[in-house]
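These are the residues of each chain, in order.
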Amino acid sequence: MNNKEGKLEWFGGNQDALNLFRMFVDLAHTWDDLVDKDKDIPDADVNNAFLICLVYMQANPFYRSIQEQVWPMWLTVVSAYETANTYERNKDEHGVEIAHGLRYAAGHIVAYMVHVCVGPEKAKEFLPEVWKNVIVERFDEYRKEHLNVTA
């Protein structure tokens, strides 16, 4: 997830939902940096990630309204991310193809948020743009980074 701004219209004007989306973006970046170990992460970013998980998300009224529905989704998000990292470390070509999508599994929670906020019909209009904002890294670039090959 890259575009931290998001769009209020994706969430039907629900500022709490947009704030939650922005928290997800921050959390995803820090989580990825911690696991990849490819850059130094400032202590403030690590502390913020813990605050997001332990305090800010729990205090967000929109998150509280969907919390029971997304708890099981978080299990699959973590599992997908762990699997993606295994494929990346192993330089498994087929696995890297799969990993590119698995890395963005938290996007399913974002898609669910959009559905809740605007309903299924309006969500169909917004989700193509939402997903492009969730999955920002193009596959060819990802493949080069993890397999050291050209497209």
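Right above here is the structure, for reference.
Quick look at the structure, then.

Quick notes on the rules
- Residues numbered from 1 in each chain as written.
- Predicted model: local features only at pLDDT ≥ 70, side-chain atom pairs only at ≥ 80, totals over all residues.
- Heavy atoms only, no water.
- Helix = DSSP H or I, 4+ residues; strand = E, 2+ residues; numbered from the N terminus.
- Expected span 1.5 Å × (residues − 1).
- Bend = angle between axes of the 7 residues up to and from the residue.
- Buried < 20%, exposed > 50% of the residue type's maximum accessible area, 1.4 Å probe, protein only.
- Contact = heavy atoms within 4.5 Å.
- Axes fitted to C-alpha atoms, helices over the stretch in contact; angles between N-to-C directions.
- Parallel < 35°, antiparallel > 145°, perpendicular 65-115°, else oblique.
- Left-handed = near helix turned anticlockwise from the far one by under 90°.
- Nonpolar A, V, L, I, M, F, W, Y, C, P; charged D, E, K, R; others polar.
- Phe/Tyr/Trp six-rings, centres within 6.5 Å; stacked < 30°, edge-to-face > 60°.

Some thoughts on helix H2 (residues 43–59)
Here's step 1: Its 17 residues place the ends of H2 23 Å apart at the C-alpha level, agreeing with the 24 Å of an ideal helix rising 1.5 Å per residue.
Here's step 2: Its axis deflected by about 50° at Ile52, H2 carries its strongest bend there.
Here's step 3: Those residues of H2 lying buried are Ala49, Ile52 and Met57.
Here's step 4: Looking at the buried side of H2, the elements it contacts are helix H1 (15–36) and helix H3 (61–90).

Here we look at the packing of H3 against helix H5 (residues 107–134)
Here's step 1: The contact between H3 and H5 brings their axes to 10 Å, and the two run at 150°. Regarding the angle of H3 to H5, the classification is roughly antiparallel. In this structure, H3 meets H5 at a crossing whose hand is right-handed. On the side of H3, the interface is formed by Phe62, Ile66, Gln69, Val70, Met73, Trp74 and Val77, while H5 contributes His108, Ile109, Tyr112, Met113, Val116 and Cys117.
Here's step 2: Here the contact of H3 with H5 is composed, by residue class, of eleven nonpolar, two polar and no charged.

Quick look at the packing of aromatic side chains
Here's step 1: Throughout the structure, instances matching the rule amount to five aromatic pairs.
Here's step 2: Between the aromatic rings of Trp10 and Phe11, the centroid separation amounts to 6.2 Å while the plane-to-plane angle is 70°, which identifies the pairing as edge-to-face. Neither residue differs from the other here; Trp10 and Phe11 are each classed as buried.
Here's step 3: With a centroid separation of 5.8 Å and an interplanar angle of 90°, the aromatic rings of Trp10 and Phe21 are classed as edge-to-face. Of the two residues, Trp10 is situated in the segment before H1 and Phe21 in helix H1; the sequence distance between them amounts to eleven residues.
Here's step 4: The exposure class of Trp10 is buried, given its relative accessible area of 1%.
Here's step 5: Grouping aromatic residues by their ring pairs yields a cluster made of Trp10, Phe11 and Phe21.

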